[in-house]
Amino acid sequence: MTTNENTTAAPDAFAPEEAPRLEWAKHAPEVWKAMLRLEKAANQGLDPKLSELVKIRASQLNHCAFCLDMHTKDALAAGESVERIVQLAAWEESRHFYTEKELAAIELTEAVTVLTDGFVPDEVYGKAAKYFDEAELAQLIAAITVINAWNRFGVTCRLTPGHYTPGQHA
C-alpha cells in the first residue's frame, strides 16, 4: 500500500461536516427569540410559497447554505415544485416558471439584498408596487430584510446545513 492510499478517502466519500463557528442562538437566546418573532411578523399576509421563494433567492445571493437548506425544505413542504426552486438561481433566463408578481418580488429581493449600488432602483420598486398593495409591499420588504439578517447570522457563524426539518421553527 502506498502512502497516498493510506491518507485519502474513498472517491465516493462525502467531505466531513464542519461544525458551526459559533452557536449564536445558544449564546444570544433573546436575540434569537426576537428574530423568530420578527420573522413571524414580517411574513404575515404573504403567500407562503412566495415568501419561501424570496428567502431562497436572498439566501442564494448571500451564499447562506444553512438558510438554503431550511427554506428549500419549507418551500417543498408548502407545495412548491422542485423545478421552480432549482430554476430560481437563474430566474432571469427562466422567467416563464414564475408569475409577473413573483418576478417583481424576486427582483425586489435582489435589489434589497445586493445594495452595492447604494439604493433600490425606482424601476424595481415601481414594478413591485404594481403587483403588491402598500400593506403587502411593506410586509414583503420586511420579509426580505429579515431573511437578509438571518443570512448574516448563518454565514458569519457558518451554521451547518442539512439537519433542518420543515416547520421546525414555526
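Residues numbered from 1 in each chain as written. Predicted model: local features only at pLDDT ≥ 70, side-chain atom pairs only at ≥ 80, totals over all residues. Heavy atoms only, no water.

- Going by an unreviewed UniProt entry, the protein carries the name Carboxymuconolactone decarboxylase family protein and comes from Streptomyces marokkonensis.

Overview of a nonpolar patch on the surface
- A cluster of nonpolar side chains, namely Leu76, Val82 and Val86, defines an oily patch on the protein surface of about 270 Å² accessible area.
- Among the secondary structure elements, Val82 is positioned in helix H6 (residues 82-87). (Patch = residues over 30% accessible without salt bridge, like charges linked within 9 Å, V, L, I, M, F, W, Y side chains within 5 Å. Areas by Shrake-Rupley, 256 points an atom, 1.4 Å probe, with all protein chains shown as cover. Salt bridge = Lys/Arg side-chain N within 4 Å of Asp/Glu carboxyl O. Helix = DSSP H or I, 4+ residues; strand = E, 2+ residues; numbered from the N terminus.)

Section: the UniProt feature "domain: Carboxymuconolactone decarboxylase-like" (unreviewed entry) in the protein
- Within this numbering scheme, the UniProt entry marks residues 29-110 as carrying the feature "domain: Carboxymuconolactone decarboxylase-like" (unreviewed entry).
- Segment residues 29-110 splits into 72% helix and 0% strand. End C-alpha atoms: 29 Å apart. (UniProt positions renumbered as here; feature names shortened; annotations may be inferred.)

Observations concerning helix H5 (residues 65-77)
- Taking 1.5 Å of rise per residue, 13 residues should cover 18 Å, and H5 covers 18 Å from first to last C-alpha, within 8% of that figure.
- Within H5, the full set of buried residues consists of Cys67, Asp69, Met70, His71, Asp74 and Ala75.
- Contacts from the buried residues of H5 go to helix H4 (48-62), H6 and helix H9 (134-157).
- A positive phi of about 100° marks Gly79, the residue just after H5. (Expected span 1.5 Å × (residues − 1). Buried < 20%, exposed > 50% of the residue type's maximum accessible area, 1.4 Å probe, protein only. Contact = heavy atoms within 4.5 Å.)

As for the nonpolar core
- Ranked by size, the top nonpolar core spans 25 residues in total, and within it Leu108, Leu140 and Trp150 carry the most contacts.
- Secondary-structure elements contributing two or more residues to this core are helix H3 (29-42), H4, helix H7 (100-113), helix H8 (122-131) and H9.
- When neighbours within four sequence positions are excluded, Trp150 is seen to be in contact with Trp24, Trp32, Met35, Leu36, Glu39 and Cys67.
- One finds Ile56, Ala75, Leu88 and Ile106 within the second-largest nonpolar core, a separate group that totals nine residues. (Core = buried A, V, L, I, M, F, W, Y, C linked by side-chain atoms within 4.5 Å.)

Brief notes about the pattern of salt bridges
- Inspection of the entire model under this criterion finds nine salt bridges.
- Of the charged contacts in the structure, one is a salt bridge between Lys33 and Glu30, with a shortest N-O distance of 3.2 Å. One end of the pair, Lys33, and the other, Glu30, are both in helix H3, three residues apart, so they sit about a helical turn from each other.
- Looking at Glu30, the relative accessible area reads 53%, which means it is exposed.

Observations concerning unusual backbone geometry
- For His63, which is not glycine, the phi dihedral falls at a positive 60°.
- Counting through the fold element by element, His63 comes out in the loop between H4 and H5.
- Unlike most non-glycine residues, Arg158 shows phi in positive territory, near 50°.
- Position of Arg158 among the secondary structure elements: in the segment after H9.

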